[in-house]
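Take a look at the letters that make up each chain.
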Amino acid sequence: NLSQRLTTVAKFVPQGARVADIGSDHGYLPAALALQGQIEYAVAGEVVRGPYENAVSEIKKLALAKIIQARLADGLAAIKDSDHINTITIAGMGGALITQILDAHPEKLAGVTRLILQPNVGEARLREWLMNHQFQIMAERMVAEDGHIYEVIVAEPSTVPFRYSKYELTFGPFLLEQHSPVFTKKWQDELQRQEGVLQQVKQASKPPVAKIKQQEEYISLIKEVLN
Ligand code: SAM
């Protein structure tokens, strides 16, 4: 039984895909995909031994060893050419770590036709990475679970050059367009949080001018979109 968050990630995995799930932990996502008959093959990559061993035992318990390989490796190093991976999922980490993982092995992205990413924070930075590497966002979702609002970003390589505006980078091109109630909630909360940060920064004995300006710009961007 997958969380709503991982169920949303799973929905975007194409039928018959060959998946690399990086930072797989227990391997719940590839296991669910395999049990549903949704994938041909998966690699469950983990950099930490404990979670890797959890994935190994989950795969064994469910008798999925023919479909899923657990590998102890840092990021995309878990992928071998012979895997013929076409879909990469990376969920449950910060956007900065996700971009770091994608940056470390550009050659592993060559045959990849879809990225399904679920950053916990730092979504704007991740969208900027996608834009700068010509991965176009094809869909986005917001999932509210356990008191947190998660974003799922689906991207595919684009042959046509494109750019995103600062609004699209910050809020997400599709999420911005949909402007759902959960979107409003997320950004109302974020606005409140950032206003608190601004007050604190201003109270410093030597208020940092550049930081204050940046903070004020971010706040007015959020206000503009909420109005
Ligand atoms: N993907 C699962 C999910 O969304 O529920 C697990 C998320 S868990 C919070 C993050 C996992 O990523 C941890 O198990 C951690 O060990 C792993 N991880 C962090 N950095 C990694 C890297 N560079 N390569 C592979 N795995 C990594």
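Residues numbered from 1 in each chain as written. Predicted model: local features only at pLDDT ≥ 70, side-chain atom pairs only at ≥ 80, totals over all residues. Heavy atoms only, no water.

The strand order across the open sheet formed by 7 strands is β3-β2-β1-β4-β5-β7-β6, and the pairing between neighbours is mixed. Of all strands in the sheet, those with a lone pairing partner are β3 (68-72) and β6 (135-145), marking the two edges. When the angles between neighbouring strand axes are averaged without regard to direction, this sheet yields 15 degrees. Here 10 bridges tie β6 to strand β7 (residues 148-157), and the two strands are oriented antiparallel to one another. Each bridged residue has a counterpart across the sheet, and for alanine 139 the counterpart in β7 is valine 154. Along the sheet face, helix α2 (residues 28-35) touches β1 (17-22), β2 (39-46), β3 and β4 (87-93) and points at about 170 degrees away from the line of β2. (Pairing = 2+ DSSP bridges. Helix = DSSP H or I, 4+ residues; strand = E, 2+ residues; numbered from the N terminus. Axes fitted to C-alpha atoms, helices over the stretch in contact; angles between N-to-C directions. Contact = heavy atoms within 4.5 Å.)

The subject of this paragraph is the nonpolar core. Counting 30 residues, the largest nonpolar core has Ile88, Ile90, Leu102, Leu115 and Leu130 as the members making the most contacts within it. Counting only elements with at least two residues in this core, the list comes to β1, β2, β4, α4 (95-104), β5 (114-119), α5 (123-132), β6 and β7. Broken down by element, this core gets its largest block of residues, 4 residues, from α5. Apart from the residues lying within four places of it in its own chain, the contact partners of isoleucine 90 are Ile22, Ile98, Ile101, Leu102, Ile116, Leu117 and Gln118. Formed by 26 residues, the second largest nonpolar core is a distinct cluster that contains Leu33, Ile68, Ala70 and Ile116. (Core = buried A, V, L, I, M, F, W, Y, C linked by side-chain atoms within 4.5 Å. Buried < 20%, exposed > 50% of the residue type's maximum accessible area, 1.4 Å probe, protein only.)

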